[in-house]
Amino acid sequence: MQYVWLIWSLLILLLWGIIFVYTKSIRAEMLKVSLWTMPMGLTEPLFVPEYWTPPSLFNLAELTGFDIESLIFSFAIGGIGAVLYKVITPVNTISVSDHDRRHKRHRFHLLSLFTPPVAFLILALFTPLNHIYCGSIAMFAGGASAMLCRPDLTRKIWISGLLFTGLYFIYFTTLNMVFPDYVEHVWTLEKLSGLVIAGIPLEEYLFAFTFGMYWSSLYEHLTWHRLQPA
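Residues numbered from 1 in each chain as written. Predicted model: local features only at pLDDT ≥ 70, side-chain atom pairs only at ≥ 80, totals over all residues. Heavy atoms only, no water.

1. Things to note about the packing of aromatic side chains
Phase 1: Across all of its chains, the model carries 26 aromatic pairs by this definition.
Phase 2: Ring geometry for Trp16 versus Phe75: centroids 5.0 Å apart, planes at 50 degrees, classification tilted. Taken together, the positions of Trp16 in helix α1 (residues 4-22) and Phe75 in helix α4 (residues 68-88) put the pair 59 residues apart, joining distant regions of the chain.
Phase 3: The exposure class of Trp16 is buried, given its relative accessible area of 9%.
Phase 4: Their ring planes at 35 degrees and their centres at 5.5 Å tell us that Phe207 and Phe211 sit as a pair that is tilted. Note that Phe207 and Phe211 are positioned in helix α10 (residues 202-223) at a spacing of four residues, about one turn of the helix.
Phase 5: What makes Phe211 buried here is its relative accessible area of 0%.
Phase 6: Between Arg27 and the ring centre of Phe20, over which it is positioned, the NZ or CZ distance is 5.4 Å. (Phe/Tyr/Trp six-rings, centres within 6.5 Å; stacked < 30°, edge-to-face > 60°. Helix = DSSP H or I, 4+ residues; strand = E, 2+ residues; numbered from the N terminus. Buried < 20%, exposed > 50% of the residue type's maximum accessible area, 1.4 Å probe, protein only. Lys NZ or Arg CZ within 6 Å of the ring centre and 35° of its normal.)

2. As for unusual backbone geometry
Phase 1: The peptide bond linking Val48 to Pro49 adopts the cis configuration, its omega dihedral lying at 0 degrees.
Phase 2: Relative to the assigned elements, Pro49 resides in the loop between α2 (27-37) and α3 (60-64).
Phase 3: Although it is not a glycine, Phe58 adopts a positive phi angle of roughly 60 degrees.
Phase 4: Classification of Phe58 as exposed rests on a relative accessible area of 62%.
Phase 5: The phi dihedral of Ala198 is positive, around 55 degrees, even though this residue is not glycine.

3. Here's the deal with the confidence of the model for the protein chain
Phase 1: Averaged over every residue, the pLDDT of the protein chain is 92; the share at 70 or more is 97%.
Phase 2: Ranking the helices and strands of the protein chain by mean pLDDT puts strand β3 (residues 200-201) first, with 97, and helix α5 (residues 98-101) last, with 68. (pLDDT = per-residue confidence, 0-100.)

Here it is in structure tokens:
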């Protein structure tokens, strides 16, 4: 069990590599978003042990709260979450025109981009919620604010949330098949809802859906790009 988290992280990184190799048109976007997402792994002390305590390489998670696996995992899911919609949908990415940028709804562009971190800080500092709920609510707020500011991304945001949840379900299920007791030993279920659906804690579904929502729009939102049918 000591190396499950490492193996799990490397498997999702392998999937990242497969997508990267076979989808040349979105490589740059995928790599950029992965690099933007990777620092999320440094937030691991917020979740250990209140959310889970995964046995990690050199016992870093238990000793320090940090671990190498979180950086690998965050890098991989960031890029995958950003491009999953484009992998299955024939679309091109083009720049938003200057005329469209001047639309009144874009007055809230920066506010929308900062919604997730601000929402997370408010919830983490002023509510007793477990940080996994703070993160999921913050990412949902980020996705919702992106749709208000960039309605052209609405379809991508909702579908990406569902796609990433489906992928995450398959990914998590393979973990449970090989290590059937892992969730029981690692997740702090008594501090969560306690609901485990098909062997996966409810909170993981919430994370997957909201992560897919928010991260799917991040590249287009930050770089002023939009999608058009290929």
